[in-house]
Amino acid sequence: MRIGELAAASGVSTRALRYYEQHGLIRSERTPGGWRDFDSSMVERVVMIQHLFAAGLGSSTIDAVLPCMEAPLEERNGVMEQLFAQEAERLEAKRRDIDRELETLQALRAETALPGSGPRPRAAADTIDAPHPP
């Protein structure tokens, strides 16, 4: 199947498909005329890649995970599970950082609110303190 057909079948742009191919996430053969020719199995792979990107994984992690996902259960060695656990920890740390930033921003908003623009939820001394450890 040509790149446009793969794009239509998977719902992914041809630009994204070229990116995936450039990073080794999908493969194609070249026709004698130089056109990309994708195997129909690439549709399912592209959809899986989209799910992995949506989960916050980067292309290098996806490249490491895909062979594990495609391997039969009896051949899996735990690498995928380790990578998923590491990514979950990374995202949890990111969420904690964002929560701290939001708390600080809300405190600053309360502290700097114009008179009469609404209630000041808490005094600045109650909400702003030393930076939290990571």
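Further up the page is the structure itself.
From a predicted model like this one, the values you see are computed outputs, not experimental measurements.

A.B. asks: Sorry, what's going on with the environment of Trp-35 here?
C.D. replies: Along the chain, Trp-35 falls in the loop between β1 (29-30) and β2 (36-37). In this structure the C-alpha to C-alpha distance between Trp-35 and Arg-2, which are 33 residues apart in sequence, comes to 7.3 Å. Those residues within four positions of Trp-35 in sequence are excluded, and the remaining contacts are Arg-2, Glu-29 and Arg-30.

A.B. asks: Is there a simple way to explain the packing of aromatic side chains in this structure?
C.D. replies: Between two aromatic rings, the relevant description is the distance of the centres plus the angle of the planes. Using the criterion set out here, one finds 2 aromatic pairs in the structure. Considering the side-chain rings of Tyr-19 and Tyr-20, the 6.3 Å spacing of their centres and the 70 degrees angle between planes classify their relative orientation as edge-to-face. Look at Tyr-19 and you get partly exposed, because its relative accessible area is 34%. The buried category is assigned to Tyr-20, whose relative accessible area is 3%. Look at Tyr-20 and Phe-53: their rings are 5.7 Å apart centre to centre, the planes differ by 20 degrees, and that puts the pair in the stacked class. You can see Tyr-20 sitting in helix α2 (residues 14-22) and its partner Phe-53 sitting in helix α3 (residues 42-54), a full 33 residues away along the chain.

A.B. asks: It is not clear to me how a nonpolar patch on the surface should be interpreted in this structure. Could you clarify?
C.D. replies: Nonpolar side chains collect at one region of the surface, where Ile-98, Leu-102 and Leu-105 lie side by side and expose about 260 Å² of accessible area between them. Ile-98 gets classed as partly exposed once you look at its relative accessible area, which sits at 42%.

A.B. asks: Honestly, the nonpolar core in this entry has me stumped. Any pointers?
C.D. replies: When a protein is soluble and globular, its nonpolar side chains tend to lie buried together. Among the nonpolar cores identified, the biggest contains 22 residues, and Leu-6, Leu-17, Tyr-20, Ile-26, Val-46, Ile-49 and Ile-62 are the most heavily contacted of them. When contributions to this core are tallied by element, the ones reaching two or more residues are α1 (3-10), α2, α3, α4 (59-70) and α5 (79-112). The element best represented in this core is α3, accounting for 5 residues. In this structure Ile-62 touches Leu-25, Ile-49, Leu-52, Phe-53 and Leu-57, once residues within four positions along its chain are discounted.

A.B. asks: I'm lost on α5 in this one. Help?
C.D. replies: Residue pairs three or four apart in sequence face the same way in an α-helix, which turns once every 3.6 residues. Over its 34 residues, α5 extends 49 Å from the first C-alpha to the last, a length consistent with the 50 Å expected when each residue adds 1.5 Å. Taken as a whole, α5 has its buried residues at Met-80, Leu-83, Glu-87, Arg-100, Ala-107 and Ala-110.

A.B. asks: What's the story with the pattern of salt bridges in this structure? I'm lost.
C.D. replies: A side chain with one charge may pair with a side chain of the opposite charge, provided their charged atoms come close. One pass over the full model with this rule turns up 5 salt bridges. A salt bridge links Glu-21 to Arg-36, with the nearest nitrogen and oxygen atoms 2.4 Å apart. Of the two residues, Glu-21 sits in helix α2 while Arg-36 sits in strand β2, which places them 15 residues apart along the sequence. The closest approach of N and O atoms between Asp-97 and Arg-100, which form a salt bridge, is 2.3 Å.

What counts, and at which threshold
- Residues numbered from 1 in each chain as written.
- Predicted model: local features only at pLDDT ≥ 70, side-chain atom pairs only at ≥ 80, totals over all residues.
- Heavy atoms only, no water.
- Helix = DSSP H or I, 4+ residues; strand = E, 2+ residues; numbered from the N terminus.
- Contact = heavy atoms within 4.5 Å.
- Phe/Tyr/Trp six-rings, centres within 6.5 Å; stacked < 30°, edge-to-face > 60°.
- Buried < 20%, exposed > 50% of the residue type's maximum accessible area, 1.4 Å probe, protein only.
- Patch = residues over 30% accessible without salt bridge, like charges linked within 9 Å, V, L, I, M, F, W, Y side chains within 5 Å.
- Areas by Shrake-Rupley, 256 points an atom, 1.4 Å probe, with all protein chains shown as cover.
- Salt bridge = Lys/Arg side-chain N within 4 Å of Asp/Glu carboxyl O.
- Core = buried A, V, L, I, M, F, W, Y, C linked by side-chain atoms within 4.5 Å.
- Expected span 1.5 Å × (residues − 1).

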